[in-house]
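# Structure assessment
As a plain string of letters, each chain reads:
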Amino acid sequence: MRVAGWTAAMAALLAAPAASATETRGQASLDRLADSLGYSYRVVDNRPACPPGIESCFLATITLTLPEAWTAAATPEGFALYFSFVKPLVRVESDIFQHRHINGDVQKLTLKPGAALRPGATHEIRLWGEGASFSRAFAMPNAYLVADGLHPRTIAATRAAIDPDTGMEILPFAAPMADEARLARQSDSDQTRWLTAERAFDRQAKRPVRAASDVAILPLPRKLYLDADADWVPLNEGVALALDGIDRAAIGPALAALAAAGAAEGGPRPLTIRVGDMSLAPEGYRLDVGADRIAIIARDAAGASYALRSLAQQAAFGGGKLKPMRIEDAPEYGFRGLHLDLGRNFHGRDQILKLVEAMAAYKLNKLHLHLADDEGWRIEIPALPELAAVGSRRCHDPAERQCLLPQLGAGPEGTSGVNGYLTVADYTAILRAAAARQIEVIPSIDMPGHSRAAIVAMEARHARLIAEGKTEEAERYRLVEPADATEYRSVQHYNDNTLNVCLPATYRFVDTVVDALADMHRQAGVPLRTFHLGADETAGAWVKSPACAAMIAENGGDAARLGPRFIERVAQRLAQRGMRTAGWSDGMGHTDTANMPHAVQTNIWGVLHAGAIREAHDQMNRGWDTVLSIPDLGYFDMPYAPHPDEGGYHWATRGIDTYQVFGFMPDNLPANAATIRNIRAAAQPVADTPALEPGRRIAGLQAQLWSETIRTDAQMDYMLFPRLLAIAERGWRAADWAPAYRPGEAYQWHDARVDHAKLAAGWADFAGRVAAQFPLLERMGIAYRVAPPGARIIGGTLEANSAFPGTAIEYRAEGGDWTRYAGPVAVAGAVELRSRSADGRRTSRTVRVEPERIERQ
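Since we're looking at a predicted model, the values are computed, not measured.

Bringing the packing of helix α6 (residues 349-361) against helix α8 (residues 424-436) into the picture now. At a minimum axis distance of 10 Å, the contact between α6 and α8 shows a crossing angle of 10°. Considered as vectors, α6 and α8 are oriented roughly parallel to each other. In contact with Arg349, Ile352, Leu353 and Val356 of α6, α8 contributes Asp426, Ala429, Ile430, Ala433 and Ala434. Here the residues of the contact of α6 with α8 sort into seven nonpolar, no polar and two charged.

Following this line, the structure appears as structure tokens:
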């Protein structure tokens, strides 16, 4: 037996090197090809002839160039190329490749029978996508190669890079988009034009701004008197703190901000803070800065903190000193929020903590954390470890037992920065930091749609437990029904992303997750008061589910009614736990108010010109706490301007600049048609239907940052700031140019009932206060957007301007050295320009201007 065993072992040992060598050669070939394959992506036309039955489409190409050193024989068995394409593909043409849609945005190319990869060959794959592609940001990185038995490899040419001047991610493989006539719009009725340097100059010239002179506080207090003629009050000598009705810990971060502005404790100037004045509004305060003392009176800890934040901003603006002043202040709306999508692409604890401090600096008080979606599960649930272990990673695992499919260009390795999750310790640290700054954290787990990460993770759990012989335990959290033959596609092109709302396991899963989150809140000493269940964009699921047959029959044979029934049931279960239900307006709007708890929050995300007023007024009239999350106001994953080099999705709007956010009129939604054009840049009145009932008002505003195209923290900062400052201003202070709401009234473009002179004056002041905040943002580590300059050349003279006062501008002849722009200057030929950040460390993207190229808007 020993001889026989020895002989078998030796046979295996002798056989292994040959197999290993073959695999090694195959892997080496795949690696070389991935490193040397040429790959470029180009949007060719947003106005092509579409395939039959397709109303609108665009044409793009992927061009592959094989290395000269390649040999067709080196192509490994089972060769395939995977790439992400976020729009539905309606036609794919190639000389050697055949195409298959895997799921979501993951696409697969394999060689046609008899086709080969030949040295030096170039192959163009023509892609007809549904809709339009107006930005290079739609190109997804990290296409990769696979082959049988080999490790997948990312095509080197498709990796993202970081621009050393801007600090922003760039996609070198995505070709420039230069043909405005074919690429900027899809029809002659679309009036959108790219915001070129010349057009930006014209726009900015019509929106004059001025540097802050006396007051830099943002948001601007309701009432402020500043004695500009009085002597300076030197806070940089330090303050002597005296507290009444509040512990120091309750205002610790605000005191730290004041110290950072130069007013540390231990100095001679008395600073008294008294909390508990119930004559003030919630979160309200009075601040009195005199020659020999500073006094703060506040309703609550939030008001005291906000008073200190105002004091810190003004002291920093004055270099550690300020003029005597009196402020009486309180917010316009009680809900002033920021939504961060961690599901699509992960952003970690440190980034969130940084943004929590920024929220506090500008008096935002609700942090809505989107912790799960189709593309990722981002919170540890100890009872269900697969949620984090499997659901937080995207890699090449077709069976999805170790990770999810690599949607959104995540790459095959599972190690890129878009992967990850918050541990219990991470989440509780965020909760504590937020609570110390009077910010409520609202966790969001989207359901029953947008749930693919949870479904796949629980299928991995099911497979593990079945293999262990634990069938009953395996079924406890299985979220799908194998016998369900329903076929559907979600908005993001998944055929398997919806929980089965008829399974007891689904409600067991929801309860387990909610209870785990509640326990984390308890650990942090912060009760879980609001749970956001998403409730939006549920595809046509459950139609052929045996488990749902009875429920469908009970609802008149309409499977679509099962979604609202699910929301109502979960909402009641949350109410039993003492929690308020929140959700997105499209799903919430289909529920029966009689079946919902009294305390409900709804986020309105209809587009201004296409459903926002209907949803907002209907749900306010139901008595729900209604938060405006309207894309035209606050979807900060949309680009700042219509331009192919400005990142972001564009399904709702082609551009949301800081001016548009600042000018929004929350209490009179129809009036916004006077200042905001529709998605085709056309003026369009908005009907006031249904009318708002007397006494109804929004609860507040929320900015949203969805992260499909946001892969780095710097990108997140860029898309948020400075637009988030405008949300903070509008959430705190009323838009005094807005006419009073009158039921049934509609508004034309530039309607005289809107006080445009007040809007212009308000913007000029606000822009100056924004510019004064740039150094503070830099100290917090926030890479805010540096807007490129506007410019024109007339008669050989270059003129330039900027969106915010004091922004440094540089220019050069193409290929020359950069020179600081100080005013109109003679130039010969085309010129490149860029702006610089306040600290001089970063630049805007570079723009180009040519002589005499002036176009009016």
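The next subject is the pairing of strand β26 (residues 600-604). Among the five residues in β26, five count as buried, and that is most of the element. The alternating pattern of β26 places Val600, Thr602 and Ile604 on one face and Gln601 and Asn603 on the opposite face, and all of these are buried. Strand direction decides the pairing type here: strand β25 (residues 580-584) and β26, joined by four bridges, are parallel. Bridging from a neighbouring strand, Gly583 pairs with Thr602 of β26. Alignment of β26 against strand β27 (residues 625-628), held across four bridges, turns out to be parallel. When the bridges of β27 are listed, Asn603 appears paired with Val627.

This part covers helix α5 (residues 301-317). Here α5 contains 17 residues, and its C-alpha end-to-end distance of 24 Å stays within 8% of the 24 Å for a straight helix at 1.5 Å per residue. With respect to burial, α5 is a largely interior element, 14 of its 17 residues being buried. At the C-terminal side of α5, Gly319 shows a positive phi close to 70°.

It is worth spelling out unusual backbone geometry at this point. The omega torsion across Leu218 and Pro219 is 0°, close enough to zero to call that bond cis. Across the junction of Thr689 and Pro690, the peptide omega takes the value -5°, indicating a cis bond. Looking at the element boundaries, Pro690 is found in the loop between α17 (658-662) and β28 (700-705). Despite not being glycine, His450 shows a phi value in the positive range, around 55°. By relative accessible area, which is 3% here, His450 ends up buried.

Bringing the state of the cysteines into the picture now. In the structure shown here, the tally under the stated rule is three disulfides. Paired by a disulfide, Cys502 and Cys548 hold their sulfur atoms 2.1 Å apart. Here the S-S torsion is close to 115°, and the disulfide linking Cys502 with Cys548 is therefore right-handed. Of this pair, Cys502 sits in the loop between α10 (471-475) and α11 (504-523) while Cys548 sits in the loop between β24 (530-534) and α12 (549-554), placing them 46 residues apart in sequence. A relative accessible area of 15% places Cys502 in the buried class.

Strand order in the open sheet made by the five strands is β5-β6-β3-β8-β9, with antiparallel pairing throughout. This sheet does not close on itself; its edge strands, each paired only once, are β5 (97-103) and β9 (153-154). Taken together, the three bridges between strand β3 (residues 80-84) and strand β8 (residues 144-146) define a ladder with antiparallel strand orientation. Residue pairing for β8: Tyr82 is matched across the bridge by Tyr144.

This next bit is on the confidence of the model for the protein chain. A low pLDDT means the predicted coordinates there should not be read in detail. Residues with a pLDDT of 70 or more make up 97% of the protein chain, whose mean pLDDT is 95. In the predicted structure, residues 1-19 sits below a pLDDT of 50 and forms zero contacts with residues beyond four places in sequence or in another chain.

Let's shift gears to the sheet that holds strand β7 (residues 122-130). Read across the open sheet, the four strands follow the order β1-β2-β7-β4; overall the sheet is antiparallel. Of all the strands in the sheet, just β1 (38-45) and β4 (89-93) have a single pairing partner and so form its edges. Between one strand and the next, the sheet's axes are offset by a mean angle of 20°, whatever the strand orientation. Of the pairings in the sheet, the one linking β1 to strand β2 (residues 57-65) comprises seven bridges and is antiparallel in character.

Rules behind the numbers
Residues numbered from 1 in each chain as written. Predicted model: local features only at pLDDT ≥ 70, side-chain atom pairs only at ≥ 80, totals over all residues. Heavy atoms only, no water. Axes fitted to C-alpha atoms, helices over the stretch in contact; angles between N-to-C directions. Helix = DSSP H or I, 4+ residues; strand = E, 2+ residues; numbered from the N terminus. Parallel < 35°, antiparallel > 145°, perpendicular 65-115°, else oblique. Contact = heavy atoms within 4.5 Å. Nonpolar A, V, L, I, M, F, W, Y, C, P; charged D, E, K, R; others polar. Buried < 20%, exposed > 50% of the residue type's maximum accessible area, 1.4 Å probe, protein only. Pairing = 2+ DSSP bridges. Expected span 1.5 Å × (residues − 1). Disulfide = S-S within 2.5 Å. pLDDT = per-residue confidence, 0-100.

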